[in-house]
Amino acid sequence: MATLQIADLGPANRAFAADDPKAVKDEDGKYFDAKGNPTYSIKPDGTVDWFTYSGYRRYHSECHVCHGPDGMGSTYAPALLDSLKHLDYEKFQAIVIEGRQNVGNGNEKVMPSLGLNKNVMCYLDDIYVYLRARSDDALGRVRPGKRENKSQATIDAEKACLGE
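Here is what the cut-offs are and how they apply
Residues numbered from 1 in each chain as written. Predicted model: local features only at pLDDT ≥ 70, side-chain atom pairs only at ≥ 80, totals over all residues. Heavy atoms only, no water. Helix = DSSP H or I, 4+ residues; strand = E, 2+ residues; numbered from the N terminus. Contact = heavy atoms within 4.5 Å. Areas by Shrake-Rupley, 256 points an atom, 1.4 Å probe, with all protein chains shown as cover. Buried < 20%, exposed > 50% of the residue type's maximum accessible area, 1.4 Å probe, protein only. pLDDT = per-residue confidence, 0-100. Disulfide = S-S within 2.5 Å.

Some points on the overall build of the protein
Next up, step 1: Across its full length, the protein carries seven helices and six strands.
Next up, step 2: Of the regular secondary structure in the protein, the N- to C-terminal order runs β-β-β-β-α-α-α-α-β-β-α-α-α.
Next up, step 3: In the protein, the proportion of contacts linking residues at least 24 apart, taken out of those at least 6 apart, comes to 54%.
Next up, step 4: For the protein, the exposed area adds up to about 9,100 Å²; of that, 51% sits on carbon and sulfur atoms.

Here it is in structure tokens:
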């Protein structure tokens with residue numbers, strides 16, 4: 001476990017300083033902020049960590065149908081770029097796992113529970129990290145061109161989660 005000195009590429013003034021996404025810890029290529037939440041690492045040359053890249057892929061295979069491309073929202077699901085400015089990591093997990101209903105004023109919005117969907121649950125941190133980078137304007141509306149390699153620990157964890 002190495003302590004990193006990674007430049008904070010997000011906006012200088014954050015609404016929630018306690019949720020600063022700056023990576024302060026690296027465990028086998030997975031980055032964490034000061035609170036221990038998964039976060040992104042984007043190098044000055046644009047290279048993203050494996051989990052941000054994986055999150056891009058997983059988001060676009062499972063989430064964008066409702067929440068729009070790149071987390072920008074749609075006519076029937078909110079922009080997750082905005083949601084992540086107000087949701088902490090634990091609340092994000094709870095909503096994805098348990099689902100959510102917002103009913104009222106003739107406008108029913110339902111987020112189904114995805115707690116049994118291995119294509120979401122095995123990559124939930126990845127999706128969160130990708131959306132966090134998008135929400136902080138650290139990553140644009142583009143498939144990351146350069147990425148770090150997937151670590152053996154990540155390969156092993158993925159296989160275990162998927163039951164392989």
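So that's the structure; there's more coming.
Some words on the environment of Tyr-89
Next up, step 1: Following the sequence through the fold, Tyr-89 ends up in helix α4 (residues 89-98).
Next up, step 2: Residues Tyr-89 and Asn-37 lie 52 residues apart in sequence; the distance between their C-alpha atoms is 6.7 Å.
Next up, step 3: Ignoring any residue separated from it by four or fewer positions in sequence, one finds Tyr-89 in contact with Asn-37, Pro-38, Asp-125 and Tyr-128.

Examining the environment of Met-72
Next up, step 1: When you line up the elements, Met-72 lands in the loop between α2 (64-67) and α3 (80-83).
Next up, step 2: Here Met-72 falls in the partly exposed class, since its relative accessible area comes to 42%.
Next up, step 3: Spatially, the C-alpha atoms of Met-72 and Leu-131 are 10.0 Å apart, while their sequence positions differ by 59 residues.
Next up, step 4: Met-72 has contacts with His-67, Ala-79, Leu-81, Arg-134 and Arg-141, leaving out every residue within four places of it along the chain.

Thoughts on the confidence of the model for the protein
Next up, step 1: When pLDDT is averaged across the protein, the result is 84; 87% of the residues are at 70 or more.
Next up, step 2: The lowest-confidence element of the protein is strand β1 (residues 2-3), averaging 34 in pLDDT; the highest-confidence one is strand β4 (residues 38-39), averaging 96.
Next up, step 3: The model gives residues 1-18 a pLDDT under 50, and that stretch makes 29 contacts with residues more than four places away or in other chains.

Observations regarding the state of the cysteines
Here a disulfide denotes a covalent bond joining the sulfur atom of one cysteine to the sulfur atom of another.
Next up, step 1: If you walk through the whole model with that rule in mind, you get one disulfide.
Next up, step 2: The disulfide bridge from Cys-122 ends at Cys-161, spanning 2.0 Å between sulfur atoms. An S-S torsion of about -90° defines the bridge between Cys-122 and Cys-161 as left-handed. One end of the pair, Cys-122, is in the loop between α5 (118-121) and α6 (124-135); the other, Cys-161, is in helix α7 (residues 152-162), and 39 residues separate them in sequence.

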